[in-house]
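Residue-level listing of the chains:
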Amino acid sequence: MATATQVHTTDAGIADRLAAFWQSAVEAQAKRREYRITVRELRALSTRELNDLGIASCDIRRLARHAAYGN
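Residues numbered from 1 in each chain as written. Predicted model: local features only at pLDDT ≥ 70, side-chain atom pairs only at ≥ 80, totals over all residues. Heavy atoms only, no water.

Novice: Got a minute to help me understand the overall build of the chain in this structure?
Specialist: Helix and strand content of the chain: 3 helices and 0 strands. The N-to-C order of helical and strand elements in the chain reads α-α-α. Split into buried and exposed, the 71 residues of the chain put 11% on the buried side. For the chain, the accessible area works out to roughly 6,300 Å², and carbon and sulfur atoms hold 53% of it. (Helix = DSSP H or I, 4+ residues; strand = E, 2+ residues; numbered from the N terminus. Buried < 20%, exposed > 50% of the residue type's maximum accessible area, 1.4 Å probe, protein only. Areas by Shrake-Rupley, 256 points an atom, 1.4 Å probe, with all protein chains shown as cover.)

Right, dumping it as structure tokens:
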């Protein structure tokens, strides 16, 4: 007995690619915004407040990058 199967692969159309591009751009913008807000809020703290949190002022950008991008 023979059986036949058909496999259809659908290539993402232009609308799907544009939607994915748009979503990627929106997510990137949200991450940049989170980074900027985190840097601004940490820079607004005094040296004493940063020390109480165990943060050196030279670590602010690194911590903000980790908060926004996870690396």
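There is more to say, and it comes next.
Novice: How should I be thinking about helix α1 (residues 14–43) in this particular structure?
Specialist: Turn by turn, an α-helix covers 3.6 residues, leaving residues three or four places apart pointing in a common direction. For α1, which comprises 30 residues, the first-to-last C-alpha distance of 43 Å matches the rise-based estimate of 44 Å (1.5 Å per residue) to within 8%. Taken together, the buried residues of α1 touch α2 (47–53) and α3 (60–69). (Expected span 1.5 Å × (residues − 1). Contact = heavy atoms within 4.5 Å.)

Novice: What should I look at first to understand the pattern of salt bridges in this one?
Specialist: Charged atoms that come close allow side chains of opposite charge to pair. Under the defined criterion, the tally for this structure stands at 1 salt bridge. The residue aspartate 59 makes a salt bridge to arginine 62 at a minimum N-O spacing of 3.8 Å. (Salt bridge = Lys/Arg side-chain N within 4 Å of Asp/Glu carboxyl O.)

Novice: Even after reading the chapter, I still don't get a positive patch on the surface, so can you show me in this structure?
Specialist: Taken together, the side chains of Arg32, Arg33, Arg36 and Arg40 define a basic patch exposed on the protein surface. One can find arginine 33 in helix α1. Since its relative accessible area comes to 51%, arginine 33 is described here as exposed. (Patch = residues over 30% accessible without salt bridge, like charges linked within 9 Å, V, L, I, M, F, W, Y side chains within 5 Å. Lys, Arg positive; Asp, Glu negative; His and termini not counted. Charge placed at Lys NZ, Arg CZ, Asp CG, Glu CD.)

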